[in-house]
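These are the residues of each chain, in order.
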Amino acid sequence: MDNLIKFIEKFNEQLLSQSFLEGRTANGERVPGIYLRIENPVLYIIGVFQKDNQEKIVEALRTYTEEISQDLEQLRCTHIISLSIYLSEEEGPFPAPAYFDERIHAVNWRYSIEKKRIFAGAGEPDRLFGIEKLLLRAAEGKVAEVPPKPAMKSGMPWVSISIFLLCVVLLIDTTLSGNGGSMIRTYGISRSGILQGEYYRFITSIFLHSGMMHLLSNSIFLYYFGFKAEYLLGRKRFLILYLVSGVCGGLFSILFHDVLAIGASGAIYGLMGAMFVLTKLYGPRYTGMNYATMLLLVVTSIGFGFLDMGIDNFAHIGGFIGGSLVFLFYRKLEEKQKEIST
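Keep in mind that this is a model prediction, so the values were computed, not measured.

1. Observations regarding the packing of aromatic side chains
In the structure shown here, the tally under the stated rule is 16 aromatic pairs. A centroid spacing of 6.0 Å and a plane angle of 10 degrees characterise the contact between Phe221 and Phe225, whose relative ring orientation is stacked. Of this pair, Phe221 and Phe225 both sit in helix α8 (residues 212-233), four residues apart, which is roughly one turn of the helix. What links up through ring pairs into an aromatic cluster is the set Phe252, Phe256, Phe306 and Phe314. Positioned above the aromatic ring of Tyr291 is the side chain of Lys280, whose terminal nitrogen or guanidinium carbon lies 5.4 Å from the ring centre.

2. Some points on the pairing of strand β1 (residues 21-24)
Bridge count between β1 and strand β2 (residues 30-39): three bridges; the pairing is antiparallel. Note that in β2 the partner of Arg24 across the bridge is Arg30. Linkage of β1 to β2, two consecutive antiparallel strands, is achieved through a turn of five residues, within which Gly28 is found at a positive phi near 85 degrees.

3. Side note on helix α11 (residues 291-305)
Compared with an ideal rise of 1.5 Å per residue, which puts 15 residues at 21 Å, α11 spans 21 Å between its outermost C-alpha atoms and is within 8% of the ideal. Of the residues making up α11, those classed as buried are Met294, Val298, Ser301, Ile302 and Gly305. Around the axis of α11, the buried residues are gathered within 85 degrees of arc, so they sit on the same side. Facing away from the buried side of α11 by over 90 degrees, the exposed positions are Leu296, Val299 and Phe304. Structurally, the start of α11 carries an N-cap: the backbone nitrogen of Ala292 is 3.2 Å from a side-chain oxygen of Asn290.

4. Some details on helix α9 (residues 235-256)
Between its first and last C-alpha, α9 extends 31 Å over 22 residues, near the 32 Å set by a 1.5 Å rise per residue. Buried residues of α9: Phe238, Leu241, Tyr242, Ser245, Gly246, Gly249, Gly250, Ser253 and Ile254, and no others.

5. Here we look at the environment of Tyr269
Note on placement: Tyr269 falls in helix α10 (residues 265-282). The class of Tyr269 is buried, set by a relative accessible area of 8%. Each C-alpha atom of the pair Tyr269 and Ile317 lies 7.5 Å from the other, and the pair is 48 residues apart in sequence. Leave out the neighbours within four places in its chain, and Tyr269 touches Ser301, Ile302, His316, Gly319 and Phe320.

6. Concerning the pattern of salt bridges
By the definition in use, this model includes nine salt bridges. The shortest N-O distance in the salt bridge between Glu22 and Arg30 comes to 3.6 Å. On the basis of relative accessible area, Glu22 is assigned to the partly exposed category, the value being 26%. Where Glu39 meets Arg37, a salt bridge forms, and the shortest distance between an N and an O atom there is 2.9 Å. Salt bridges here are not isolated pairs; linked through shared partners, they connect Glu22, Arg24 and Arg30.

Cut-offs and rules
Residues numbered from 1 in each chain as written. Predicted model: local features only at pLDDT ≥ 70, side-chain atom pairs only at ≥ 80, totals over all residues. Heavy atoms only, no water. Phe/Tyr/Trp six-rings, centres within 6.5 Å; stacked < 30°, edge-to-face > 60°. Helix = DSSP H or I, 4+ residues; strand = E, 2+ residues; numbered from the N terminus. Lys NZ or Arg CZ within 6 Å of the ring centre and 35° of its normal. Pairing = 2+ DSSP bridges. Expected span 1.5 Å × (residues − 1). Buried < 20%, exposed > 50% of the residue type's maximum accessible area, 1.4 Å probe, protein only. Arc of directions from axis to C-beta. Polar contact = N/O pair within 3.5 Å; in protein donor to acceptor, adjacent residues only side chain to side chain. Contact = heavy atoms within 4.5 Å. Salt bridge = Lys/Arg side-chain N within 4 Å of Asp/Glu carboxyl O.

Honestly, that's just the spatial picture; any functional story needs more than this.
In structure tokens form, the structure reads like this:
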């Protein structure tokens, strides 16, 4: 019994660490054993049952699912996946879900804590949204992954603001002086320039733009992802992430797309990559977008880039990969520091 209680406590911690919310009634009362998470257009609802409370929680899950299905449009969801997890070593039939709405998909699992194994209902998946991994972590007694604490509790994101202002000043200077073409040829990223040892181009090309619309499009992403990334990582780590992403974008550009190119897109896509990984690991608490929305944004942004011949999309891909890897490196570094401190 003690093992079961410990498992339930650990599984509760694992779910909450991954942005699952405890189920509550319209009056705000906690519904024991019920959890939910919105991943537009899908709403995931989980019910965790023991032998002692099975009938009570099964009925609570049915009632909760049917009630919340009436608010799907308001939640901007089209479907519900209702997962029933029965904590039992005994084999036996699953209780009928009794859902009559085509928008609700019921999945039944029986989880063996001793064997650390999922037994799914006939024709049903035994993997769902990474929940199977959380069950295993709980069974092994592992501590829930704690989302990173923001490095900056207050203050202006001066690095992001400075990057924007520098880009604006350079654009105004090249526009008014009329030497834009010369600046681009001298400081833009190009294979021939890099082969001649002009490695400064990896950095200088990040801050040059071809026009106001070019700068504006990058600035929107810098505002949305840059401010949040700087708040989370701190100014020093954010600047390193930004520059490394830009360099990776330039590297991909000269390797796969031999043209003279400028712009902060590689660095910007690096910020997007970092926030994408963050959302995948910890949910929407930082980006304000769930994983499905972030994935759609990434796929459409890179996908549409191939349709415009004037866009150096390989720089986008390189920056995205670079930013993702830098963020994962930061995460590993923090984990090692925690191990040393403990």
